[in-house]
Each structure stands twice: as structure tokens, then as C-alpha cells.
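Inside the fold
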Amino acid sequence: MGFIMRNESFICLACAREVSEHPSGSARNHCPKCLCSLHVDDLVPGDRASMCSWLMKPVGFEERKGKGMVIVHQCQKCKKRMVNKLAPDDEYLPILKKLSEIQARELLD
Ligand SMILES: [Zn+2]
Ligand SMILES: [Zn+2]
């Protein structure tokens, strides 16, 4: 299976991109291109206690004190939300822009 909470390369299940290891050796748990992840954690990132393992998509970004920008992931099956740190090579700006456009449209409706 694609996403594992270890620092090694994998193929993204959402966009089929081959993801290389985390540049600074931290855990790689999402794709730097589409920011999708898998629901493998239950309570805290890295516990791998969840049996769900469905695709988790980025639904928002938050500024956290001391941590910087984090991604909010939501599971496509059970709707659970998890917060994850951005990796230095995450291409999050296009996703951030897309999400804010969707939110702007929802406000207009
Ligand atoms: Zn991807
Ligand atoms: Zn889930």
C-alpha cells in the first residue's frame, strides 16, 4: 500500500506521482504535489491505529503557533479530520488557492 508513516519513497494513490523521501528526514505522510494522504492514524499523526486507510484530502490550512502552516486533512470515508505539518517541498500554494476559491464560491451561493 502506498502511504506509510516512514521516511521512504512511495507512489501517491491520488495523483500517481512518485514521491521521494522527505528532504530533511522527517516522516513523509502526504504527497507534496496534491497533498493527499491516507487515513492510517487514529488519534495522533504516526500512531497508525486507524483501520480506515481511505484517501484523505486537504480541506484547509491553519497557522499554528511555533509550528507554522499546517494542512487539515479530511478522510473521504469517515470524515475524520487530522492536522499535518507541511514538508519543505510541499507545493501547497496552488491547493491553498483552489481551496480559498471554493470557499469564496460557497459564500456567494
Ligand atoms: Zn498526489
Ligand atoms: Zn477514515
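Residues numbered from 1 in each chain as written. Chains lettered and ligands numbered in written order. Predicted model: local features only at pLDDT ≥ 70, side-chain atom pairs only at ≥ 80, totals over all residues. Heavy atoms only, no water.

Counting across every chain of the model gives 5 salt bridges. The salt bridge involving Arg-28 is made with Asp-89; its shortest N-O contact spans 3.0 Å. Of this pair, Arg-28 sits in the loop between strand 2 (18–19) and strand 3 (37–38) while Asp-89 sits in the loop between strand 6 (81–85) and helix 1 (92–108), and the two are 61 residues apart along the sequence. Arg-28 gets classed as buried once you look at its relative accessible area, which sits at 2%. Here Arg-64 ties to Glu-62 by a salt bridge, and the two come within 2.7 Å at their closest N and O atoms. Members of the salt-bridge network, linked through shared partners, are Arg-17, Lys-33 and Glu-91. (Salt bridge = Lys/Arg side-chain N within 4 Å of Asp/Glu carboxyl O. Helix = DSSP H or I, 4+ residues; strand = E, 2+ residues; numbered from the N terminus. Buried < 20%, exposed > 50% of the residue type's maximum accessible area, 1.4 Å probe, protein only.)

Tallied over the entire structure, the rule returns 1 aromatic pair. With a centroid separation of 5.8 Å and an interplanar angle of 50°, the aromatic rings of Phe-61 and Tyr-92 are classed as tilted. One end of the pair, Phe-61, is in strand 4 (residues 55–64); the other, Tyr-92, is in helix 1, and 31 residues separate them in sequence. Taking the relative accessible area as the measure of exposure, Phe-61 reaches 17% and is therefore buried. (Phe/Tyr/Trp six-rings, centres within 6.5 Å; stacked < 30°, edge-to-face > 60°.)

Protein coordination of the zinc ion (ligand 1) is provided by Cys-12 (SG), Cys-15 (SG), Cys-31 (SG) and Cys-34 (SG), with donor distances spanning 2.3 Å. Angles of 105 to 113° at the metal separate the 4 donor atoms of the zinc ion (ligand 1), which places the site in the tetrahedral class. Coordination of the zinc ion (ligand 1) draws on donor residues from a single chain, spaced C-x2-C-x15-C-x2-C in sequence. Note that Cys-12 is positioned in the loop between strand 1 (10–11) and strand 2 and Cys-31 in the loop between strand 2 and strand 3, a separation of 19 residues in sequence. Cys-31 gets classed as buried once you look at its relative accessible area, which sits at 0%. (Donors = N, O, S within 2.8 Å, 3.2 Å for Na, K, Ca; no water. Tetrahedral: all angles 85-135°; square planar, octahedral: opposite > 155°, others 65-115°.)

By themselves, these figures tell us nothing about what the structure is for.
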